[in-house]
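# Inside the fold
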2 protein chains.
Amino acid sequence: MTVSGTRTAAPTLDEVALRAGVSRATVSRVVNDSPRVSAEAREAVQAAVAELRYVPNRMARSLVTRRTDTIALVLSEPDTQVFSDPFFASIVRGLSRALAETDLNLVLLTARDAREQEKIGRYARRGHVDGVILMSLHREDQLPEVLAAAGVPLVLCGRPFDGRPVAYVDADNVGGGRVATEFLIAQGRRRIATVTGPQDMIAGVDRFQGHRAALEQAGRRLEPGLVAHGDFTEAGGARAMAELLDREPGLDAVFVASDPMAVGALRTLQAAGRTVPGDVAVVGFDDAAVAQTCDPPLTTMAQPLDEMTPLMTELLLQQIDGGPQADSRVCATHLVRRASA
Amino acid sequence: MTVSGTRTAAPTLDEVALRAGVSRATVSRVVNDSPRVSAEAREAVQAAVAELRYVPNRMARSLVTRRTDTIALVLSEPDTQVFSDPFFASIVRGLSRALAETDLNLVLLTARDAREQEKIGRYARRGHVDGVILMSLHREDQLPEVLAAAGVPLVLCGRPFDGRPVAYVDADNVGGGRVATEFLIAQGRRRIATVTGPQDMIAGVDRFQGHRAALEQAGRRLEPGLVAHGDFTEAGGARAMAELLDREPGLDAVFVASDPMAVGALRTLQAAGRTVPGDVAVVGFDDAAVAQTCDPPLTTMAQPLDEMTPLMTELLLQQIDGGPQADSRVCATHLVRRASA
DNA sequence: GCCGAATGTGGAAGCGCTTCCACGAATGTC
DNA sequence: GACATTCGTGGAAGCGCTTCCACATTCGGC
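As annotated in an unreviewed UniProt entry, chain A carries the name LacI family transcriptional regulator and comes from Goekera deserti.

Okay, structure coming up:
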């Protein structure tokens, strides 16, 4: 260890081999847990590895194994406020936790525009990553095609728009939207509005779809006046709620397709002098942390992220290992009752 | 392109060389923009590259150049809610934008505990990354030492606790705390409280320090009863504010060391029937997006993240290229007046 | 018109690793 | 006790790339 910042010369396989009194090949076998090694050899190597503080050079290894032990989380989003979305935060956290078990690393990539998507396509081809998890996908995004064509193992976070055979993990958003709305109906609410998510994202579409289905099943019709579109952000929710209040002052419930939006809606409602849940019942979606701390605490649909993120990595890993390409899972959502409805 | 997901065999340097009718060495020169290549050779190679859709194999290149074109953003944090912190989100966004210009990639790593910090140390040694940006550092963290000892180029987001010579980029947190408090004093507020950040993080310490300095300069004393410690989260801010209100019902202003905490404080204040800014003036810190949307919009200290993230990458790149090891920058903060004070 | 310098190019070495292959030793089988 | 197997090991090739070195060329200066 030198005084200046010079990187200490890293030991190589040969040095370990020399010290352990075996060949490079044997060291490699030990390091890679090959069974074809005698106990003594193994111990000698392990001792040498420990003494030398040997760490394999990942580049050299990747060059021959064609594996990088790196997977990419790609955000198809014009980066504005995605990062602040608690849903994104949960995914990253869950993924990084699931990956901590393995020795895979998580590369975060954002694709602001077509040019960047192209850059990511290039990056993913040629084995710079072993696989990709794609989230925050929009209807027109070409990335799944590009990646699939390049043969890059791929798992989508959220089902694809078309029925294309690709692996994905999703929450049951349709079911969630339905349950939330049914709950509002069961409460005896008469004029139930909704703030949807963006309609170019599948979660936005599906939750809205579930809402409509519940309404129709109860013999009601979806009234256009009771629908406003948001963008999954708090500000967007506040705006949409204002729109709704403007058009339909008599509404007495609202299903909001994400918690951040619901928080925004809450604020608008309170600013307009409505009590929650007295005048207006509010049900959100996500069960984000903020749902517990906002005022009143939010009744919301929980999606089992704890289940979903390990599933994504599992599906991806399995695919990397040559498993099925289009295995998918849909996870159940459930209602978490708090004070807003 | 085969029908199944088989990765199309990627062209290598040799194939390009063959097609262009030159040697491997020449192709490499063209790809790496070496000037020592004739115009014809360059054109021939470029044509071949385009036809073959050649992309260099990064692993092979890294093996010889000792560069990975990857930098790591390391979060030294028991991952709980860091990701939801808008400050973190802004840093990631800024960094990934700054890096988009180059062809560097951002690896996100979290170090939940000592074991993981060790893992990261191993990862960073042996050139798996060209450099590290370390954020969310706590007083006892060993990571800077480990990394510095390994000779890994390093830039801290926030100054180190001791005066150790290491590159960092920080906001002028002391100055910010002072300005915020002076502003409250100038308003004629008599009993000014503070909700601090965690005191094992430098930003928490410095902002508190600035607060105290302003008080003393105005001939006042820091009263322990007017100080509560938070953890930079909204829930923590709400809790601390409740504590404060409990101890000092007569307070008429509070400097809160982060915007998420300020939002929590706002909620507590309103729940306690205090008007803001009528009864209690509130000044936050960060100028996060939420500062504009909360009610009332938050008067807060802005730190110039737009300046800071490019600076971090610049400092790191410069260090990677063999530049100075301990160059640092402190960026000015400024007050953003909104409605809460 | 000759010599040294500048210039473009190809050959070849080697980055650190995995893995195929061959080989000798140990084991099992009749 | 002779043979076929298995097992552990080392040698060596080679992953795709960069770069040093040597070798033509071409050029300008006298």
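As a structural note, the neighbourhood of DNA strand D is formed by 28 residues, with A:Arg29, A:Ser38, B:Leu13, B:Ser28 and B:Tyr54 the closest of them. When the atoms of DNA strand D within 4 Å of the protein are grouped by moiety, sugar and phosphate amount to 61% of the total. One of the side-chain N or O atoms of A:Thr26 is found 2.7 Å from a phosphate oxygen in DNA strand D. Between DNA strand D and B:Ser28 there is a distance of 2.6 Å, counted from a phosphate oxygen to a side-chain nitrogen or oxygen. Only α2 (24-31) and α4 (58-65) of chain A together with α2 (24-31) and α4 (58-65) of chain B provide two or more residues apiece to the surface near DNA strand D. Of the residues assigned to the surface near DNA strand D, the class counts are 13 nonpolar, eight polar and seven charged.

Residue and element names in this part refer to chain B. The strand order β7-β6-β8-β9-β10-β12 describes an open sheet built from six strands, whose pairing is mixed. Each of the sheet's edge strands pairs with one partner strand only, and the pair in question is β7 (227-229) and β12 (334-336). When strand polarity is set aside, the average angle formed by the axes of neighbouring strands in this sheet is 20 degrees. In this structure, strand β8 (residues 253-256) lies alongside strand β9 (residues 281-286), joined through three bridges in parallel fashion. Considered in β9, the bridge of Val254 is made with Val282.

Often the size quoted for an interface is simply the accessible area lost on bringing the parts together. Counting from both sides, the interface comprises 61 residues of chain B and, opposite them, 60 residues of chain A. In total, chain B and chain A occlude about 5100 Å² of area from one another, counting both sides; carbon and sulfur atoms represent 51% of this. Here chain B and chain A share zero salt bridges between them. At seven residues, the largest contribution of residues to the side of chain B that touches chain A is made by helix α5 (residues 86-101) of chain B. Its residues assigned to classes, the side of chain B that touches chain A shows 27 nonpolar, 15 polar and 19 charged.

All names here are of chain A. Of the two faces of strand β8 (residues 253-256), the one lined by Ala253 and Phe255 and the one lined by Val254 and Val256 are each fully buried. With four bridges connecting them, strand β6 (residues 192-196) and β8 associate as parallel partners. The partner of Ala193 across the bridge, within β8, is Val254.

Residues and elements named next belong to chain A. According to the stated counting rule, one finds two aromatic pairs over all chains in the structure shown. Looking at Arg207, its charged tip hangs above the ring of Phe285, at a distance of 3.9 Å from the centre. In this arrangement the basic side chain of Arg212 is found over the ring face of Phe208, its NZ or CZ atom lying 4.9 Å from the centre.

Residues and elements named next belong to chain B. With respect to the element layout, Asp252 can be found in the loop between α10 (234-247) and β8. For the buried Asp252, no salt bridge is present, and the opposite-charge side chain at shortest range is Arg189, 5.1 Å distant. For Asp252, the side chain forms a polar contact with the main-chain nitrogen of Arg191, separated by 2.9 Å. Setting aside anything within four residues of it in sequence, one finds Asp252 in contact with Arg189, Arg190, Arg191, Ile192, Asp279, Val280 and Ala281.

Our next topic: empty space enclosed by the protein. Counted under the stated rule, the structure contains one cavity of 30 Å³ or more. Here the largest cavity defines a volume of roughly 180 Å³. If you trace the largest cavity, you find 16 residues lining it, with A:Met59, A:Thr70, B:Met59, B:Thr70 and B:His128 closest to the centre. Listing elements by their share of the lining of the largest cavity, those giving two or more residues are α4 and β2 (105-110) of chain A together with α4 of chain B. With three residues, α4(A) is the largest single contributor of residues to the lining of the largest cavity. Here the lining of the largest cavity is built from residues that sort into six nonpolar, eight polar and two charged.

All names here are of chain A. Spanning 16 residues, helix α5 (residues 86-101) covers 23 Å between terminal C-alpha atoms, matching the ideal 22 Å at 1.5 Å per step. Burial runs high along α5: twelve of the 16 residues are buried. Buried within α5 are the following residues: Pro86, Phe88, Ala89, Ile91, Val92, Arg93, Gly94, Leu95, Ser96, Ala98, Leu99 and Ala100. Between the side-chain oxygen at the start of α5 and the backbone nitrogen of Phe87 there is a gap of 2.7 Å, and the oxygen is on Asp85.

Residues and elements named next belong to chain A. Across the sheet, which stays open at both edges, the six strands sit in the order β7-β6-β8-β9-β10-β12 with mixed pairing between neighbours. At either margin of the open sheet sits one strand with a lone partner, and together these are β7 (227-229) and β12 (334-336). Neighbour-to-neighbour, the strand axes of this sheet turn through a mean angle of 20 degrees, independent of strand direction. In this structure, β6 lies alongside β7, joined through three bridges in parallel fashion. The partner of Thr196 across the bridge, within β7, is His229. Across the sheet, helix α9 (residues 202-217) is in contact with β6, β7, β8 and β9 (281-286); its angle to β6 comes to roughly 170 degrees.

Moving on, we come to the UniProt feature "domain: HTH lacI-type" (unreviewed entry) in chain A. Following the UniProt record, one finds the feature "domain: HTH lacI-type" (unreviewed entry) at residues 11-65 of chain A. Overall, residues 11-65 of chain A shows 69% helix and 0% strand. The separation of its end C-alpha atoms is 20 Å.

Reading guide: rules and limits
- Residues numbered from 1 in each chain as written.
- Chains lettered and ligands numbered in written order.
- Predicted model: local features only at pLDDT ≥ 70, side-chain atom pairs only at ≥ 80, totals over all residues.
- Heavy atoms only, no water.
- Near = heavy atom within 4 Å.
- Polar contact = N/O pair within 3.5 Å; in protein donor to acceptor, adjacent residues only side chain to side chain.
- Helix = DSSP H or I, 4+ residues; strand = E, 2+ residues; numbered from the N terminus.
- Nonpolar A, V, L, I, M, F, W, Y, C, P; charged D, E, K, R; others polar.
- Pairing = 2+ DSSP bridges.
- Axes fitted to C-alpha atoms, helices over the stretch in contact; angles between N-to-C directions.
- Contact = heavy atoms within 4.5 Å.
- Buried area = accessible area lost by both parts, 1.4 Å probe.
- Salt bridge = Lys/Arg side-chain N within 4 Å of Asp/Glu carboxyl O.
- Buried < 20%, exposed > 50% of the residue type's maximum accessible area, 1.4 Å probe, protein only.
- Phe/Tyr/Trp six-rings, centres within 6.5 Å; stacked < 30°, edge-to-face > 60°.
- Lys NZ or Arg CZ within 6 Å of the ring centre and 35° of its normal.
- Lys, Arg positive; Asp, Glu negative; His and termini not counted.
- 1 Å grid on protein atoms, 1.4 Å probe; cavity = no way out; pocket = protein on both sides within 12 Å on 5 of 7 lines; lining within 4 Å.
- Points joined across faces, edges and corners; volume = space filled by probe spheres on them.
- Expected span 1.5 Å × (residues − 1).
- UniProt positions renumbered as here; feature names shortened; annotations may be inferred.

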